[in-house]
Structure formats: C-alpha cells, structure tokens
Protein chains: 2
Amino acid sequence: MAESTYTVTGMTCGHCVASVTEEVTKIDGVTGVDVDLPTGAVKVTSAAPVAEADVRAAVEEAGYALAG
Amino acid sequence: MAESTYTVTGMTCGHCVASVTEEVTKIDGVTGVDVDLPTGAVKVTSAAPVAEADVRAAVEEAGYALAG
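What counts and how
- Residue positions are given per chain, counting from 1 as you read along its sequence in written order.
- Written order decides the labels, with chains lettered from A and ligands numbered from 1.
- A pLDDT threshold of at least 70 governs which residues receive local features in this predicted model, and a stricter bar of 80 or more applies before side-chain atom pairs are shown or counted, although totals over entire chains, interfaces and linings include all residues.
- Note that water and hydrogens are dropped before the side-chain values are worked out from all heavy atoms of the structure.
- A side-chain nitrogen of Lys or Arg and a carboxyl oxygen of Asp or Glu constitute a salt bridge if their distance falls within 4 Å.
- In this scheme, a residue with accessible area under 20% of its type's maximum is buried, one over 50% is exposed, and one in between is partly exposed, where area comes from a 1.4 Å probe on protein chains only.
- Only DSSP runs of H or I reaching four residues or more are called helices, and only runs of E reaching two or more are called strands; each is numbered from the N terminus.
- When DSSP finds at least two bridges between two strands, those strands are taken to pair.
- Here a residue-residue contact requires only that any non-hydrogen atoms of the pair lie within 4.5 Å.
- Fitted lines through C-alpha atoms give the axes, limited to the stretch in contact for helices. The angle between two N-to-C directions lies from 0 to 180 degrees.
- Residues belong to one nonpolar core when they are buried, are Ala, Val, Leu, Ile, Met, Phe, Trp, Tyr or Cys, and are joined through side-chain atoms within 4.5 Å.
- Copy-to-copy superposition: least squares on the C-alpha atoms, limited to residues that have pLDDT of at least 70 in both copies.
- In this count, Pro and Cys sit with the nonpolar residues alongside Ala, Val, Leu, Ile, Met, Phe, Trp and Tyr, while Asp, Glu, Lys and Arg are called charged and the others, Gly among them, polar.

- Per an unreviewed UniProt entry, chain A goes by Copper ion binding protein and derives from Saccharothrix texasensis.

Encoded structure:
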C-alpha cells in the first residue's frame, strides 16, 4: 500500500472538497482520498504508488491546482 | 413580473452559486435567479411576488443563509 499527501490550492468549501475527491478517486489503483479543507492537504492511498502527474491531472480536471 | 434582491452569506465558489441557484429556482413562480458571488447578491425574478420566507428556506436548504 502506498500513501502520499499533496497540497491543493483553491478549495474554498465542501463542494470543492467533493469535486477533488471525486476526480482523484477515479485514478487507477486509488483506494482512498482524504481532504483537509483548511490546509488543502489531500492524502491519497493506493495499492501501488500513483504518478504525481496523474494526481495533478485529476486535481486540474476538478478545477484546482497542486501547490508547488 | 416581480424582482427582489437578497443578500446571501457563506457562498465561496461557483459550486455554492450553483447550489443556491438550484434551490431558489425550485420555488413556485420563480422564473429567474441571478447570483453575484463577490457581493452575495441574489436577484430573484418571478411572475408574482415570492414570500421572503420561501427564499430564506430555499437558501438554507442549499446550506447558506440570508443576511439580516
């Protein structure tokens, strides 16, 4: 099992959290997504490591951005 | 035709605007809802005047509140 935490910018409410969660959950192999709205921390749990590019693409699909 | 403008607090993003618009649009007789996110102004257009209590209930159903 792999676990990585990213920081997502631009989320302002529960709907934003739901959008990011929905898109990141769609990535192959992802088994869990936990978002902390105040900090923008998004913890991604997966069977095998997930490419950061895939997470970035999912976050952007939701309408937000990875910090850094 | 009647037109009233209310101020809604707590909206932070386009998802919030969509939620409020959806709920207020459901009120009987409402023909148009226009939300300005930065100010929270919600303009409600209707065939006949709509009770403020109905607008308040719809806004609260969406998860927000009328100012004042």
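### Points about the pattern of salt bridges
- Inspection of every chain in the model, using the stated rule, returns four salt bridges over all chains.
- Between E23(A) and K26(A) there is a salt bridge, with its nearest N and O atoms 3.3 Å apart.
- Relative accessible area serves as the criterion here: at 17%, E23(A) is assigned to the buried category.
- For K26(A), a relative accessible area of 53% gives the class exposed.
- In this structure, R56(B) and E52(B) form a salt bridge, with 3.0 Å as the shortest nitrogen-oxygen distance. Taken together, the residues R56(B) and E52(B), both in helix 2 (residues 52-62) and four residues apart, mark about one turn of the helix.

### Description of the sheet that holds strand 1 (residues 2-9) of chain B
Residues and elements named next belong to chain B.
- An order of 2-3-1-4 is seen for the four strands of this open sheet, with the pairing classed as antiparallel. A strand with exactly one partner marks an edge of an open sheet, and here the two such strands are strand 2 (30-36) and strand 4 (65-66).
- Relative to strand 3 (residues 41-46), strand 2 is paired through six bridges, and the arrangement is antiparallel. The residue bridging V35 from the neighbouring strand is V42, located in strand 3.
- Those strands touched by helix 1 (residues 14-25) are strand 1, strand 2 and strand 3, and its axis lies near 160° from that of strand 2.

### So, the nonpolar core
- Formed by 42 residues in total, the largest nonpolar core has its most connected members in V20(A), M11(B) and V20(B).
- For M11(B), the contacting residues outside a window of four places in its chain are C16(B), V17(B), V20(B), V35(B), L37(B), G40(B), V42(B) and Y64(B).

### As for the relation of the copies chain B and chain A
- Of the two same-sequence chains, chain B is brought onto chain A (RMSD 0.0 Å, axial shift 0.0 Å) by a rotation of 179°. Here the two chains are linked by the operation of a two-fold rotation axis.

### Quick word on the interface of chain B and chain A
- If you look at the interface, chain B gives six residues, while chain A gives six residues.
- Taken together, the links from chain B to chain A amount to zero salt bridges.
- Residues belonging to the side of chain B that touches chain A are distributed by class as follows: three nonpolar, three polar and no charged.

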